Amino acid sequence: MVQRREPTARQVRLGIELRRLREAAGLTAVQSAALLGANRVQISHIESGLIGVSEERLRRLASHYACTDAEFVDALVAMATERTQGWWEEYRGKLPTPFLDLSELDHHAAYQRDVAVLYVPGLLQTEDYARAVFSSRVPELTQEELDLRVRHRMARQGKVAFPHEIVIHEAALRIRVGDRAATRAQLTRLAELSEVDRITLRVIPFDLDGFARASSVMTYVGGPVAKLDTVVRDAPHGLMLIDSEAQLASYRTRFRMVEAVSLAPDRSRDFINRLAKEL
């Protein structure tokens, strides 16, 4: 099998889950290789996402690993066998890989939850707001790079249809990423989106008690099964994808804590409309 030069985040995640199953079963890579009539290097490459694995081999490994979660195994098979070329492939080689990984996460997401403190989440941004965000990057982007990032972000928004819950702090609503007009347009857009059936938007005002203990900026992406959920965090070195079960459980709890101290959707919409009128 041809080795991939740069596996996608989804391919890497499949390998990670297979390694976790193997380790939970107490087997070495050499022992797993023997089960498939392969060698240790091949198992290592599968678990690194560098090469693929067939449905037959994946199910055989899951059986030897004593994984009895049929729904989880089916989800892994889907990850291993899907051959869809996503719309984001047109940006490969033009944008950094994390942009493509986010698009792929969107494509397979069952739902998404965002907690935002400084910026409006990307999937809710207007074009002017997104341009202002990308314009502030260091090192400064060329005009071509800036245009590509904005075009990709707008394309992402047009492709998603999953349920989306957002909790956004008043700070993110008030910070003028662009000018006054861009900020007002962004607030108007948020108010409009808050009426979309699949979107639940809540606001945390400055004067609401209880936020500090529950704060946690995050994008939580639901997978086909809970074990395949992913948390996306911005880090100094780039995008960070969190997928351990313990951490996922922690972030699920954190989201509900933040949600609990936020305004109800109707009151949040009124709050946003009021801020827009103040500008």
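Here we summarise the structure given alongside this text. (Residues numbered from 1 in each chain as written. Predicted model: local features only at pLDDT ≥ 70, side-chain atom pairs only at ≥ 80, totals over all residues. Heavy atoms only, no water.)

## Re the pairing of strand β2 (residues 164–169)
- Within β2, five of the six residues are buried, which leaves it mostly tucked inside the rest of the structure.
- With five bridges connecting them, strand β1 (residues 111–116) and β2 associate as parallel partners. Residue pairing across strands places Asp114 opposite Ile166, the latter belonging to β2.
- Pairing of β2 with strand β3 (residues 199–204), which is carried by six bridges, proceeds in the parallel orientation. By the bridge assignment for β3, Ile166 is matched with Leu201. (Buried < 20%, exposed > 50% of the residue type's maximum accessible area, 1.4 Å probe, protein only. Helix = DSSP H or I, 4+ residues; strand = E, 2+ residues; numbered from the N terminus. Pairing = 2+ DSSP bridges.)

## Comments concerning empty space enclosed by the protein
- Applying the stated criterion to the full structure yields one cavity of 30 Å³ or more.
- Of the pockets and cavities examined, the largest cavity occupies roughly 40 Å³.
- For the largest cavity, the full set of lining residues is Val120, Tyr129, Ala172, Leu173, Ile175, Val177, Thr183, Gln186, Leu187 and Leu190.
- Secondary structure elements with two or more residues in the lining of the largest cavity: α9 (170–174) and α10 (180–193).
- Ranked by the residues each element gives to the lining of the largest cavity, the list is headed by α10, at four residues.
- Grouping the constituent residues of the lining of the largest cavity by class yields eight nonpolar, two polar and no charged. (1 Å grid on protein atoms, 1.4 Å probe; cavity = no way out; pocket = protein on both sides within 12 Å on 5 of 7 lines; lining within 4 Å. Points joined across faces, edges and corners; volume = space filled by probe spheres on them. Nonpolar A, V, L, I, M, F, W, Y, C, P; charged D, E, K, R; others polar.)

## Some details on unusual backbone geometry
- The phi dihedral of Ala66 falls on the positive side, at around 60 degrees, and the residue is not glycine.
- Along the chain, Ala66 falls in the loop between α4 (55–64) and α5 (70–81).

## Re the packing of aromatic side chains
- Per the counting criterion, the structure on display carries four aromatic pairs.
- Here Phe99 and Phe134 contribute two aromatic rings whose centre-to-centre distance is 6.2 Å and whose plane-to-plane angle is 40 degrees, an arrangement assigned as tilted. Separated by 35 residues along the polypeptide, Phe99 in helix α6 (residues 97–108) and Phe134 in helix α7 (residues 127–135) bring together distant segments of the chain. Considered together, Phe99 and Phe134 belong to a single accessibility category, that of buried residues.
- Plain terms: the ring middles of Tyr111 and Tyr220 are 6.4 Å apart, the flat faces sit at 10 degrees to each other, and that makes the pair stacked. Of the two residues, Tyr111 is situated in strand β1 and Tyr220 in strand β4 (residues 218–222); the sequence distance between them amounts to 109 residues.
- Joined through ring pairs, the aromatic side chains of Trp87, Trp88 and Tyr91 make up one cluster.
- Arg254 extends its terminal NZ or CZ atom over the ring of Tyr251, reaching a point 4.6 Å from the ring centre. (Phe/Tyr/Trp six-rings, centres within 6.5 Å; stacked < 30°, edge-to-face > 60°. Lys NZ or Arg CZ within 6 Å of the ring centre and 35° of its normal.)

## Quick word on a nonpolar patch on the surface
- Judged by side-chain polarity, Leu118, Tyr119 and Ile175 come together as a nonpolar surface patch covering roughly 280 Å² of accessible area.
- Note that Ile175 resides in the loop between α9 and α10.
- Judged by relative accessible area, Ile175 falls into the partly exposed class, the value being 36%. (Patch = residues over 30% accessible without salt bridge, like charges linked within 9 Å, V, L, I, M, F, W, Y side chains within 5 Å. Areas by Shrake-Rupley, 256 points an atom, 1.4 Å probe, with all protein chains shown as cover. Salt bridge = Lys/Arg side-chain N within 4 Å of Asp/Glu carboxyl O.)

## Focus on helix α12 (residues 265–278)
- Over its 14 residues, α12 runs 20 Å from end to end, which matches the ideal 20 Å to within 8%, given 1.5 Å per residue.
- Taken together, the buried positions of α12 are Ser268, Arg269, Phe271, Ile272, Leu275 and Ala276. Seen along its axis, α12 keeps its buried residues to an arc of 160 degrees; they face one direction. More than 90 degrees from the buried face of α12, the exposed residues found are Asp266, Arg267 and Lys277.
- Tucked into the core, α12 has its buried residues touching α9, α10 and β3. (Expected span 1.5 Å × (residues − 1). Arc of directions from axis to C-beta. Contact = heavy atoms within 4.5 Å.)

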